[in-house]
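# Fold and geometry: a report
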Amino acid sequence: QVQLVESGGGLVQPGGSLRLSCAASGFAFSRYTMSWYRQAPGKERELVAAITSAGGSTNYADAVKGRFTISRDSAKNTVYLQMNSLKPEDTAVYYCNAYIPPWSYYWGQGTQVTVSS
């Protein structure tokens, strides 16, 4: 079965960096678009970044452009989110997502990122 396991979250000071990882299994990882979403308390889940199957195209939310970088390693079945210049408003639970057309969306359990001094 499809499994997505996130890691790398934690507490970081404003201006700091974190790298999130999402280990995928149970499907042909290299064939599908992978994404990172986040959900802050009291807010809806929102798309942060996405990367196509071959990694040739990426997409970012305006709020993170220039600070976050999504990447993938098909040899390790892992997608990453490098987060730099973190701000308190980046505080959220971050979720890995796999979209397998036409109907299936899969989610990891989430990893907490807290940006605070």
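Presented here is a report on the structure given in the accompanying data block.

Cut-offs used in this document
Residues numbered from 1 in each chain as written. Predicted model: local features only at pLDDT ≥ 70, side-chain atom pairs only at ≥ 80, totals over all residues. Heavy atoms only, no water. Disulfide = S-S within 2.5 Å. Helix = DSSP H or I, 4+ residues; strand = E, 2+ residues; numbered from the N terminus. Buried < 20%, exposed > 50% of the residue type's maximum accessible area, 1.4 Å probe, protein only. Salt bridge = Lys/Arg side-chain N within 4 Å of Asp/Glu carboxyl O. Pairing = 2+ DSSP bridges. Axes fitted to C-alpha atoms, helices over the stretch in contact; angles between N-to-C directions.

### Concerning the state of the cysteines
According to the stated counting rule, one finds one disulfide in the structure shown. Between the sulfur atoms of C22 and its disulfide mate C96 the distance is 2.1 Å. Across the disulfide from C22 to C96, rotation about the S-S bond amounts to roughly -80°, and the bridge is consequently left-handed. With C22 in strand β3 (residues 18–25) and C96 in strand β9 (residues 92–100), this residue pair connects regions lying 74 residues apart in the sequence. Of the residues examined, C96 reaches a relative accessible area of 0% and is grouped as buried.

### Side note on the pattern of salt bridges
Tallied over the entire structure, the rule returns four salt bridges. One salt bridge in this structure joins R38 and E46, with 2.7 Å as the shortest N-O distance. Under the relative-accessibility criterion, R38 is labelled buried at 7%. Taken together, the shared-partner salt bridges connect R38, E46, R67 and D90 into one network.

### Examining the sheet that holds β3
Ordered by their spatial adjacency, four strands build an open sheet running β1-β3-β8-β7, and the pairing between neighbours is antiparallel. Strand pairing shows two members of the sheet lacking a second neighbour, β1 (3–7) and β7 (68–73), which therefore form its edges. Each adjacent strand pair in this sheet contributes to an overall mean axis angle of 15°, direction not counted. Direction of pairing for β7 relative to strand β8 (residues 78–83): antiparallel, over a ladder of six bridges. In the strand pairing of β8, T69 is matched with Q82.

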